[in-house]
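Coordinate analysis (summary)
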Amino acid sequence: MKRHIPNFITLLNVFCGCVAAVFAVMNQLEIAAVFVFLGIFFDFFDGLAARLLDVRSELGVQLDSLADMITSGLVPGIVMYQLLIMSETGGWNITTHAQNLEISLLPFFGFLITMGSAYRLAKFNIDENQQDSFVGLPTPANALLIISLPLIMLYHNNEYLNNIILNEWFLLGLTILSAYLLNANIELFALKFKKWGFKDNALRYIFIIISIVLLITMKFIAVPLIIFFYILSSIISNLKTAG
């Protein structure tokens, strides 16, 4: 039975992704975010469970990517779709876009994120060099970046930030940047601990500590900053290693 435990946890990620997609389509982005967070939580612990139980399998690898495609690929695309609709309508709109008489093509560009995620996950499945690090931004990190935008609007309610987030050029630029970062040839460290000593995991511990401090002090605004810090610290670490 123990070999099925990680796969069951992965299926919980699938379930959370499906529920998040439903609420994202309904433009209930706060609830969608909760299930994305839960899905990413299960995504982290299915791999941990597989390592602890020593039951890693090819089926689990494929299933994990399929689950990520829903929770961290499809849902962020829908969220960006809804944000682009808001940029056109001028604010938060509880009704779905399908109910509007006029259908704009602009919001559909949000699904570039979903397309970029699919390509990134397909590459990950056939790349044997991404065991201890990632090449390109992991889909869960990208999902957190996108899902943080409506949460910033809801919980910080800052007019200046809201105007930036609902600017269509900002959203289009972020969509293109997101799709690029998912598949960029940038090596990023993974939060996988083979040993718990500080010396071997200094960068991981520093990243976790700084992330916690930012989340406590800045709440949801911290999420984009944490993603930026993650990419920047990885690049600096790579340059030091190469030097």
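Focus on the nonpolar core
Counting 44 residues, the largest nonpolar core has Val 79, Met 80 and Leu 137 as the members making the most contacts within it. Contributions of two or more residues to this core are made by helix 1 (5-25), helix 2 (29-53), helix 3 (58-89), helix 5 (139-156), helix 7 (168-183), strand 2 (187-189), helix 8 (202-218) and helix 9 (222-242). Here this core gets nine residues from one element, more than from any other, and that element is helix 5. Every residue in contact with Met 80, bar those within four places of it in the chain, is listed here: Gly 110, Ile 113, Ile 146, Leu 149, Leu 171, Leu 174 and Thr 175.

Points about unusual backbone geometry
The phi dihedral of Asn 27 is positive, around 65°, even though this residue is not glycine. Tracing the chain through its elements places Asn 27 in the loop between helix 1 and helix 2. Look at Asn 27 and you get buried, because its relative accessible area is 2%.

Re helix 1
Every α-helix carries 3.6 residues per turn, so stepping three or four residues along brings you back to the same face. In this model, helix 1 (21 residues) spans 31 Å end to end at C-alpha, consistent with the 30 Å of a helix rising 1.5 Å per residue. Along helix 1, the residues that are buried comprise Pro 6, Asn 7, Ile 9, Thr 10, Asn 13, Val 14, Cys 16, Gly 17, Val 19, Ala 20, Ala 21 and Ala 24. Buried residues along helix 1 sit in contact with helix 2 and helix 3. Asn 27 sits one or two residues past helix 1 and shows a positive phi near 65°.

Let's talk about the packing of helix 3 against helix 5
Each pair of packed helices can be described by the angle between their axes along with the distance between the axes. The contact between helix 3 and helix 5 brings their axes to 9 Å, and the two run at 35°. The chirality of how helix 3 crosses helix 5 is left-handed. Every residue of helix 5 that contacts helix 3 at Asp 68, Thr 71, Ser 72, Pro 76, Val 79, Met 80, Leu 83 and Met 86 is listed here: Thr 139, Pro 140, Ala 143, Ile 146, Ile 147, Leu 149, Pro 150 and Met 153. Per-class residue counts for the contact of helix 3 with helix 5 are twelve nonpolar, three polar and one charged.

Observations concerning the state of the cysteines
Two cysteines, two sulfur atoms, one covalent bond between them: this is a disulfide. Using the criterion set out here, one finds zero disulfides in the structure. A disulfide-free cysteine, Cys 16 has its sulfur positioned 9.3 Å from the sulfur of Cys 18, the nearest such atom. For Cys 16, a relative accessible area of 3% puts it in the buried group.

Overview of the confidence of the model for the protein
The pLDDT averaged across the protein works out to 87; a share of 91% of its residues lies at or above 70. Highest mean pLDDT in the protein belongs to helix 7 (96); lowest belongs to strand 1 (residues 133-135) (85).

So, how was this worked out
- Residues numbered from 1 in each chain as written.
- Predicted model: local features only at pLDDT ≥ 70, side-chain atom pairs only at ≥ 80, totals over all residues.
- Heavy atoms only, no water.
- Core = buried A, V, L, I, M, F, W, Y, C linked by side-chain atoms within 4.5 Å.
- Buried < 20%, exposed > 50% of the residue type's maximum accessible area, 1.4 Å probe, protein only.
- Helix = DSSP H or I, 4+ residues; strand = E, 2+ residues; numbered from the N terminus.
- Contact = heavy atoms within 4.5 Å.
- Expected span 1.5 Å × (residues − 1).
- Axes fitted to C-alpha atoms, helices over the stretch in contact; angles between N-to-C directions.
- Left-handed = near helix turned anticlockwise from the far one by under 90°.
- Nonpolar A, V, L, I, M, F, W, Y, C, P; charged D, E, K, R; others polar.
- Disulfide = S-S within 2.5 Å.
- pLDDT = per-residue confidence, 0-100.

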